[in-house]
Amino acid sequence: MTDLYNDLNQLKAHLERQRELKNPGVQIEKRNPEKLLAAVSLELGDCQRCNLHTTRTHLVFGKGNPDADLMFVGEAPGADEDIQGEPFVGRAGQLLGKIIAAMGKTRDQVYIANILKCRPPENRNPNPDEIAICSPFLMQQIEAIQPKVICALGTFAAQTMLKTDTTIGRLRGRPHPFNETCALIPTYHPAYLLRSPSKKKEVWEDMQVIMKLLSWPLPAKA
Ligand code: URA
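Residues numbered from 1 in each chain as written. Predicted model: local features only at pLDDT ≥ 70, side-chain atom pairs only at ≥ 80, totals over all residues. Heavy atoms only, no water.

**Some words on the packing of aromatic side chains**
Point 1. Under the counting rule described, the total for this entry stands at 1 aromatic pair.
Point 2. Between the aromatic rings of Tyr-188 and Tyr-192, the centroid separation amounts to 5.2 Å while the plane-to-plane angle is 45°, which identifies the pairing as tilted.
Point 3. Taking the relative accessible area as the measure of exposure, Tyr-188 reaches 10% and is therefore buried.
Point 4. The class of Tyr-192 is partly exposed, set by a relative accessible area of 27%.
Point 5. When the ring centre of Trp-216 is taken as origin, the NZ or CZ atom of Lys-105, which lies over that ring, is 4.5 Å away.
Point 6. Above the plane of the ring of Phe-61 lies Lys-117, whose end atom (NZ or CZ) is 5.7 Å from the centre. (Phe/Tyr/Trp six-rings, centres within 6.5 Å; stacked < 30°, edge-to-face > 60°. Buried < 20%, exposed > 50% of the residue type's maximum accessible area, 1.4 Å probe, protein only. Lys NZ or Arg CZ within 6 Å of the ring centre and 35° of its normal.)

**What to know about the side chain of Arg-172**
Point 1. By the secondary structure assignment, Arg-172 is in the loop between helix H8 (168-171) and strand S5 (176-179).
Point 2. For Arg-172, a relative accessible area of 14% corresponds to the buried category.
Point 3. Apart from residues no more than four positions distant in its own chain, Arg-172 is found in contact with Pro-186, Thr-187, Tyr-188, Glu-202, Glu-205 and Asp-206. (Helix = DSSP H or I, 4+ residues; strand = E, 2+ residues; numbered from the N terminus. Contact = heavy atoms within 4.5 Å.)

**Here's the deal with the site of the ligand**
Point 1. By nearness alone, every residue bordering the ligand is listed as Gly-74, Glu-75, Ala-76, Glu-81, Pro-87, Phe-88, Asn-114 and His-189.
Point 2. The backbone of Ala-76 places a nitrogen or oxygen atom 3.0 Å from a nitrogen atom of the ligand.
Point 3. Isolated, the ligand exposes 240 Å² of accessible area, and the fraction of that covered by the protein chains is 90%.
Point 4. Across the shell around the ligand, the residue classes break down as 3 nonpolar, 3 polar and 2 charged. (Near = heavy atom within 4 Å. Polar contact = N/O pair within 3.5 Å; in protein donor to acceptor, adjacent residues only side chain to side chain. Areas by Shrake-Rupley, 256 points an atom, 1.4 Å probe, with all protein chains shown as cover. Nonpolar A, V, L, I, M, F, W, Y, C, P; charged D, E, K, R; others polar.)

**Regarding the pairing of strand S4 (residues 149-153)**
Point 1. The element S4 is extensively covered by neighbouring structure, given that 5 of its 5 residues are classed as buried.
Point 2. Across 4 bridges, the pairing between strand S2 (residues 70-74) and S4 is parallel. Bridged to Leu-70 within S4 is Val-149.
Point 3. Alignment of S4 against strand S6 (residues 182-187), held across 5 bridges, turns out to be parallel. Across the sheet, residue Cys-151 finds its bridge partner in S6, namely Ile-185. (Pairing = 2+ DSSP bridges.)

**Brief notes about the side chain of Asp-82**
Point 1. Inspection of the secondary structure puts Asp-82 in helix H4 (residues 79-84).
Point 2. No salt bridge forms around the buried Asp-82; measuring N to O, its nearest opposite-charge neighbour Arg-119 is 5.0 Å away.
Point 3. For Asp-82, the contacting residues outside a window of four places in its chain are Arg-56, Thr-57, His-58, Val-60, Pro-77 and Arg-119. (Lys, Arg positive; Asp, Glu negative; His and termini not counted. Salt bridge = Lys/Arg side-chain N within 4 Å of Asp/Glu carboxyl O.)

**Examining the pattern of salt bridges**
Point 1. By the definition in use, this model includes 10 salt bridges.
Point 2. The salt bridge partner of Glu-130 is Arg-124, with a shortest N-O separation of 2.6 Å.
Point 3. On the basis of relative accessibility, which here comes to 4%, the residue Glu-130 falls in the buried class.
Point 4. Residue class for Arg-124 comes out partly exposed when judged on its relative accessible area of 32%.
Point 5. Of the charged contacts in the structure, one is a salt bridge between Glu-205 and Arg-172, with a shortest N-O distance of 3.4 Å. Taken as a pair, Glu-205 in helix H10 (residues 200-213) and Arg-172 in the loop between H8 and S5 lie far apart in primary sequence, 33 residues in all.
Point 6. Members of the salt-bridge network, linked through shared partners, are Arg-172, Lys-201, Glu-205 and Asp-206.

Listed below in C-alpha coordinates is the structure:
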(Lines give C-alpha, C1' and ligand atoms only; values in the text may rest on other atoms or scores of the structure.)
Protein backbone atom coordinates (compact mmCIF):
# COMPACT_ATOMS: atom_id res chain seq x y z
CA MET A 1 0.00 0.00 0.00
CA THR A 2 2.81 2.42 0.86
CA ASP A 3 4.50 1.91 -2.54
CA LEU A 4 1.15 2.52 -4.21
CA TYR A 5 0.79 5.76 -2.29
CA ASN A 6 4.20 6.83 -3.51
CA ASP A 7 3.23 6.50 -7.17
CA LEU A 8 0.56 9.09 -8.05
CA ASN A 9 -0.52 7.51 -11.36
CA GLN A 10 -0.86 4.07 -9.83
CA LEU A 11 -2.74 5.53 -6.87
CA LYS A 12 -5.09 7.46 -9.19
CA ALA A 13 -5.95 4.30 -11.14
CA HIS A 14 -6.35 2.28 -7.93
CA LEU A 15 -8.77 4.81 -6.40
CA GLU A 16 -10.76 4.95 -9.65
CA ARG A 17 -11.17 1.14 -9.60
CA GLN A 18 -12.22 1.23 -5.95
CA ARG A 19 -14.81 3.94 -6.66
CA GLU A 20 -16.23 1.92 -9.53
CA LEU A 21 -16.55 -1.07 -7.18
CA LYS A 22 -18.25 1.10 -4.55
CA ASN A 23 -20.58 2.85 -7.00
CA PRO A 24 -21.05 0.44 -9.92
CA GLY A 25 -21.90 2.09 -13.29
CA VAL A 26 -25.43 0.69 -13.33
CA GLN A 27 -27.24 2.05 -10.32
CA ILE A 28 -30.94 1.74 -9.68
CA GLU A 29 -30.97 5.11 -7.97
CA LYS A 30 -28.20 7.65 -8.51
CA ARG A 31 -26.42 8.79 -5.36
CA ASN A 32 -27.66 12.20 -4.29
CA PRO A 33 -24.91 13.83 -2.20
CA GLU A 34 -26.99 16.97 -1.61
CA LYS A 35 -29.82 14.95 -0.07
CA LEU A 36 -27.36 12.85 1.93
CA LEU A 37 -25.68 15.99 3.31
CA ALA A 38 -29.05 17.49 4.18
CA ALA A 39 -29.82 14.32 6.16
CA VAL A 40 -26.55 14.70 8.12
CA SER A 41 -27.40 18.34 8.84
CA LEU A 42 -30.87 17.32 10.01
CA GLU A 43 -29.47 14.67 12.35
CA LEU A 44 -26.96 17.17 13.75
CA GLY A 45 -29.79 19.66 14.26
CA ASP A 46 -29.27 22.37 16.88
CA CYS A 47 -26.51 20.22 18.38
CA GLN A 48 -26.12 20.33 22.15
CA ARG A 49 -24.11 17.12 22.48
CA CYS A 50 -21.08 18.85 24.07
CA ASN A 51 -20.44 22.03 26.06
CA LEU A 52 -19.31 24.04 23.04
CA HIS A 53 -22.95 24.79 22.24
CA THR A 54 -23.09 27.02 25.33
CA THR A 55 -20.44 29.42 23.97
CA ARG A 56 -21.05 29.29 20.20
CA THR A 57 -22.93 31.86 18.15
CA HIS A 58 -23.45 29.57 15.16
CA LEU A 59 -22.79 25.94 14.44
CA VAL A 60 -20.58 25.77 11.33
CA PHE A 61 -21.70 22.75 9.33
CA GLY A 62 -19.53 23.10 6.21
CA LYS A 63 -20.01 24.66 2.80
CA GLY A 64 -19.45 24.01 -0.88
CA ASN A 65 -20.27 21.56 -3.61
CA PRO A 66 -21.93 18.40 -2.23
CA ASP A 67 -20.51 16.53 -5.23
CA ALA A 68 -16.96 17.91 -4.81
CA ASP A 69 -13.92 15.85 -5.77
CA LEU A 70 -11.84 17.79 -3.25
CA MET A 71 -12.68 18.47 0.36
CA PHE A 72 -10.65 20.70 2.71
CA VAL A 73 -10.85 19.93 6.43
CA GLY A 74 -9.64 22.39 9.06
CA GLU A 75 -9.60 22.31 12.84
CA ALA A 76 -12.58 24.25 14.17
CA PRO A 77 -14.39 27.53 13.51
CA GLY A 78 -12.64 30.69 14.73
CA ALA A 79 -14.25 33.96 15.78
CA ASP A 80 -15.28 35.07 12.24
CA GLU A 81 -16.66 31.64 11.34
CA ASP A 82 -18.61 31.48 14.62
CA ILE A 83 -20.23 34.83 13.82
CA GLN A 84 -20.98 34.07 10.16
CA GLY A 85 -21.78 30.34 10.44
CA GLU A 86 -19.43 29.50 7.55
CA PRO A 87 -16.04 27.80 7.53
CA PHE A 88 -12.84 29.66 6.69
CA VAL A 89 -14.23 33.18 6.20
CA GLY A 90 -11.62 35.06 8.29
CA ARG A 91 -8.06 36.02 7.26
CA ALA A 92 -6.91 32.38 7.05
CA GLY A 93 -10.04 31.64 5.02
CA GLN A 94 -9.25 34.41 2.56
CA LEU A 95 -5.82 32.88 2.04
CA LEU A 96 -7.45 29.48 1.55
CA GLY A 97 -9.65 31.10 -1.12
CA LYS A 98 -6.51 32.34 -2.90
CA ILE A 99 -4.97 28.86 -2.76
CA ILE A 100 -8.14 27.39 -4.26
CA ALA A 101 -8.13 30.08 -6.96
CA ALA A 102 -4.48 29.26 -7.77
CA MET A 103 -5.69 25.68 -8.35
CA GLY A 104 -8.08 27.07 -10.97
CA LYS A 105 -11.23 26.53 -8.85
CA THR A 106 -13.66 28.50 -6.73
CA ARG A 107 -14.76 27.78 -3.17
CA ASP A 108 -18.12 26.65 -4.57
CA GLN A 109 -16.44 23.86 -6.52
CA VAL A 110 -14.85 22.24 -3.47
CA TYR A 111 -16.26 21.42 -0.03
CA ILE A 112 -14.88 23.00 3.15
CA ALA A 113 -15.48 21.69 6.67
CA ASN A 114 -13.80 21.30 10.04
CA ILE A 115 -13.16 18.54 12.59
CA LEU A 116 -15.34 20.48 15.08
CA LYS A 117 -18.52 22.31 14.17
CA CYS A 118 -18.43 24.79 17.06
CA ARG A 119 -15.77 27.27 18.10
CA PRO A 120 -13.73 26.30 21.18
CA PRO A 121 -13.58 29.31 23.56
CA GLU A 122 -10.49 31.51 22.94
CA ASN A 123 -9.64 29.20 20.01
CA ARG A 124 -8.18 26.61 22.40
CA ASN A 125 -7.39 23.19 20.96
CA PRO A 126 -10.37 20.87 20.65
CA ASN A 127 -10.38 18.31 23.45
CA PRO A 128 -10.75 14.53 23.00
CA ASP A 129 -14.38 14.27 24.13
CA GLU A 130 -15.39 17.07 21.73
CA ILE A 131 -13.63 15.28 18.87
CA ALA A 132 -15.23 11.95 19.81
CA ILE A 133 -18.70 13.51 19.80
CA CYS A 134 -18.32 15.74 16.73
CA SER A 135 -16.08 13.88 14.28
CA PRO A 136 -18.65 11.15 13.41
CA PHE A 137 -20.66 13.91 11.71
CA LEU A 138 -17.64 14.89 9.62
CA MET A 139 -17.24 11.21 8.67
CA GLN A 140 -20.91 11.16 7.58
CA GLN A 141 -20.31 14.29 5.49
CA ILE A 142 -17.33 12.59 3.84
CA GLU A 143 -19.45 9.50 3.18
CA ALA A 144 -22.16 11.71 1.60
CA ILE A 145 -19.77 13.69 -0.58
CA GLN A 146 -17.35 10.84 -1.34
CA PRO A 147 -14.52 13.20 -2.32
CA LYS A 148 -11.60 11.74 -4.24
CA VAL A 149 -9.10 13.71 -2.17
CA ILE A 150 -9.24 15.26 1.29
CA CYS A 151 -6.78 18.00 2.11
CA ALA A 152 -6.24 18.19 5.88
CA LEU A 153 -5.28 21.73 6.87
CA GLY A 154 -2.77 21.87 9.69
CA THR A 155 -1.41 19.65 12.40
CA PHE A 156 -4.63 19.12 14.24
CA ALA A 157 -6.79 18.05 11.28
CA ALA A 158 -4.02 15.88 9.80
CA GLN A 159 -3.20 14.10 13.06
CA THR A 160 -6.85 13.57 13.95
CA MET A 161 -7.84 12.22 10.54
CA LEU A 162 -4.79 9.99 10.21
CA LYS A 163 -4.89 8.95 13.89
CA THR A 164 -1.21 9.69 14.38
CA ASP A 165 1.00 12.05 16.35
CA THR A 166 3.55 12.47 13.55
CA THR A 167 4.31 16.14 12.89
CA ILE A 168 2.71 17.97 9.96
CA GLY A 169 6.18 18.63 8.56
CA ARG A 170 6.66 14.87 8.17
CA LEU A 171 3.09 14.07 7.08
CA ARG A 172 2.78 16.64 4.32
CA GLY A 173 4.04 16.30 0.76
CA ARG A 174 2.47 12.94 -0.09
CA PRO A 175 -0.89 11.15 -0.13
CA HIS A 176 -1.94 8.91 2.75
CA PRO A 177 -4.68 6.26 2.62
CA PHE A 178 -7.88 7.61 4.18
CA ASN A 179 -10.44 5.08 3.04
CA GLU A 180 -10.67 2.70 0.12
CA THR A 181 -11.75 5.38 -2.37
CA CYS A 182 -10.09 8.52 -1.07
CA ALA A 183 -6.55 9.75 -0.41
CA LEU A 184 -5.69 12.33 2.23
CA ILE A 185 -3.06 15.00 1.68
CA PRO A 186 -2.00 17.00 4.71
CA THR A 187 -0.61 20.50 4.34
CA TYR A 188 0.15 23.51 6.51
CA HIS A 189 -2.81 25.47 7.89
CA PRO A 190 -3.43 28.83 6.15
CA ALA A 191 -3.25 30.56 9.57
CA TYR A 192 0.30 29.20 9.91
CA LEU A 193 1.08 30.49 6.41
CA LEU A 194 0.03 33.98 7.52
CA ARG A 195 2.72 33.77 10.22
CA SER A 196 5.29 31.89 8.10
CA PRO A 197 4.81 32.96 4.45
CA SER A 198 8.00 31.11 3.45
CA LYS A 199 6.01 27.85 3.82
CA LYS A 200 3.72 28.81 0.90
CA LYS A 201 6.11 27.01 -1.46
CA GLU A 202 5.52 23.68 0.31
CA VAL A 203 1.76 24.23 0.33
CA TRP A 204 1.80 24.88 -3.41
CA GLU A 205 3.74 21.63 -3.89
CA ASP A 206 1.03 19.82 -1.92
CA MET A 207 -1.71 21.44 -4.04
CA GLN A 208 0.08 20.23 -7.17
CA VAL A 209 0.03 16.66 -5.84
CA ILE A 210 -3.72 17.06 -5.32
CA MET A 211 -4.20 18.51 -8.82
CA LYS A 212 -2.30 15.60 -10.35
CA LEU A 213 -4.41 13.08 -8.45
CA LEU A 214 -7.57 14.82 -9.65
CA SER A 215 -6.27 15.30 -13.23
CA TRP A 216 -6.77 19.06 -12.87
CA PRO A 217 -4.62 21.06 -15.28
CA LEU A 218 -1.55 22.60 -13.67
CA PRO A 219 -1.24 26.33 -14.40
CA ALA A 220 1.41 27.19 -16.99
CA LYS A 221 4.66 28.38 -15.43
CA ALA A 222 5.09 32.17 -15.52
N1 URA B 1 -9.43 27.74 11.11
C2 URA B 1 -9.97 26.52 10.94
O3 URA B 1 -9.32 25.49 11.18
N4 URA B 1 -11.21 26.47 10.47
C5 URA B 1 -11.93 27.54 10.16
O6 URA B 1 -13.07 27.38 9.71
C7 URA B 1 -11.33 28.79 10.34
C8 URA B 1 -10.08 28.88 10.81
